[in-house]
Amino acid sequence: MSTAPHLDEVVASDEQAAVDDPWVTVVWNDPINLMTYVTYVFETYFGHPRTVAEQLMRRVHHEGRAVVSRGTLEAMEIDVQAMHGFGLWATLQRSGR
Amino acid sequence: MRGFVARQEEFVARLDAEERAVLAGIASEVAVLLGAQPFRTAGRLRATAPRNEKGSAKGDAVGAPAGDAGEGEEPPPLHVLGFAWQRPVEAPTDPAVRRLLPDASEDPEQAAEFRRLTDADLRARKIAGLRTWWHALRTPGGRYGDAVAVTVAEAPAVAAAMTDVRLVLADRLGIRTDEDGERVYAELQAPEPDPDAPGGEAASVRRAFVGVYAMLSELQETLVGAMLTRARGRDATHGPHRPGPGGTGGRAG
C-alpha cells in the first residue's frame, strides 16, 4: 500500500482542505458499477495515476464513499455533472462535513 | 458473444444476431426512459447516429452482411414479455431514472438547482451515447457479419451507455446491495427454470434479463479494460486530460 504517495494529497483531511477548497465531490458506492470502470473514470477524468485511481476506487467500494475532488462550488458542479454523465452516483457538499 | 478487443482505432466485439437485437432493443428502451423517441433506422443509406471523423473506419461496407434481417425492422419490445420495467418517464418517480439522474446534493434546494441546470444536458448526452451503442449494434461488420465495432472516439460514450443500461436493468432486477449483485451472477449457475412450472414463466423472463445483465457486464469490462490499456499507453507521452463521457466536457447553465 506504499505505492500511492499522491493519494493523501488527493483526499487530504477535510479540516485542512476546508480553508482552501470549500466544496468537495463525493462518489458513492453502488453494487452495479464495475471496479474497472470506476478506476477508468478516476484515471481518465481526473488524470490520477493508476495507483491513486485504484485506491480511490477501493475506498469507494469498501467505505461506501470517497471524496474525489475539491474546489469551488462551480468546479464541483462540473465534476458532479461529469460523474453523473459517467453513471457514477456523486454528490457535492461543503468540505469539512 | 466474444468481448471487446482493441483493433487499431477501434474496439471490436462479436455478438450474434439475437444478442445484438436484444441489446439494441434495451438501449432504445433506456433512451425512451430518458425521454427519447424509440431509436429507429432512419433509412437504408445512413443511420441517425452522429458520426465522428473516425466513423468511416468502422464496419467496411464490403464485409457487412448483405441482408441483416434486423435492418428496418425493430426488435420486439421487451415489455411485451410482461417484465415491468417500462415505467413512466418522469425522472423523480422511476427509481431507475432517478439513479441515472441522481440528486447532486443532500440539500434539496441545491439538488433542485443542479437538476434545473444539468438535467437536459445529461439526458441528451446519455441518449446520444445510447444511440451510438445502438447504432454499433445495428451495423455489424466483419467476415461473419457479427463484429460490433466502437471507435476509440465513441468508446467513452458507449461505456457510459452500458453503465446506464446496467443501472436500469439492476433496478428492475432488484439489485440494491453488493450481495444482491453477487447473487445475480449465481442465478446463472442454477439450472434453467421450467417455464411450464408454476411461476416458471416469470422465472424464465428474469433469467433472460439476468443473462443480458451479465452479458453487458462482460462487454463493459472488456471494453473498458481495452480503453484503459490504450490510455495508459498514451499517458506515457501525454499529460492528464479531463474529457467527459460524451467527449465534450461542456456544461449546461
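About the cut-offs
Residues numbered from 1 in each chain as written. Chains lettered and ligands numbered in written order. Predicted model: local features only at pLDDT ≥ 70, side-chain atom pairs only at ≥ 80, totals over all residues. Heavy atoms only, no water. Helix = DSSP H or I, 4+ residues; strand = E, 2+ residues; numbered from the N terminus. Buried < 20%, exposed > 50% of the residue type's maximum accessible area, 1.4 Å probe, protein only. Contact = heavy atoms within 4.5 Å. Areas by Shrake-Rupley, 256 points an atom, 1.4 Å probe, with all protein chains shown as cover. Pairing = 2+ DSSP bridges. Axes fitted to C-alpha atoms, helices over the stretch in contact; angles between N-to-C directions.

Would you mind going over the overall build of chain B with me for this structure?
What chain B contains, in helices and strands, is 6 helices and 3 strands. Listing every helix and strand of chain B by position from the N terminus yields β-β-α-α-α-β-α-α-α. Classification of the 253 residues of chain B by burial places 45% in the buried group. A separation threshold of at least 6 residues defines the contact pool for chain B, and within that pool the share at least 24 residues apart is 76%. Accessible surface for chain B amounts to roughly 12500 Å². Of this, 55% is attributable to carbon and sulfur atoms.

Help me out: how do you make sense of the sheet that holds strand β2 (residues 65-71) of chain A in this one?
All names here are of chain A. Spatial ordering of the open sheet is given by β2-β1-β3, a layout of 3 strands whose pairing is antiparallel. With partners counted over all chains shown, the strands left at the sheet margins are β2 and β3 (89-94), one partner each. Adjacent strand axes in the sheet meet at a mean angle of 30 degrees when their direction is disregarded. Examined bridge by bridge, strand β1 (residues 23-28) and β2 share 6 bridges and lie antiparallel to one another. If you follow Val24 over to β2, its bridge partner there is Arg70. Seen against the sheet, helix α5 (residues 73-86) touches β1, β2 and β3 and runs at an angle of roughly 165 degrees to β3.

Which parts of the structure should I look at to understand the sheet that holds strand β2 (residues 10-14) of chain B?
Two orientations exist for strands paired in a sheet by backbone hydrogen bonds: parallel and antiparallel. All names here are of chain B. Reading across from one edge, β1-β2-β3 is the order of the 3 strands in this open sheet, with antiparallel pairing throughout. The sheet terminates laterally at β1 (2-7) and β3 (147-151), the two strands that pair on one side only. On average, adjacent strands in this sheet sit at an angle of 25 degrees to one another, irrespective of strand direction. Examined bridge by bridge, β2 and β3 share 5 bridges and lie antiparallel to one another. Note on β3: the bridge partner recorded for Phe11 is Val150.

Honestly, that's just the spatial picture; any functional story needs more than this.
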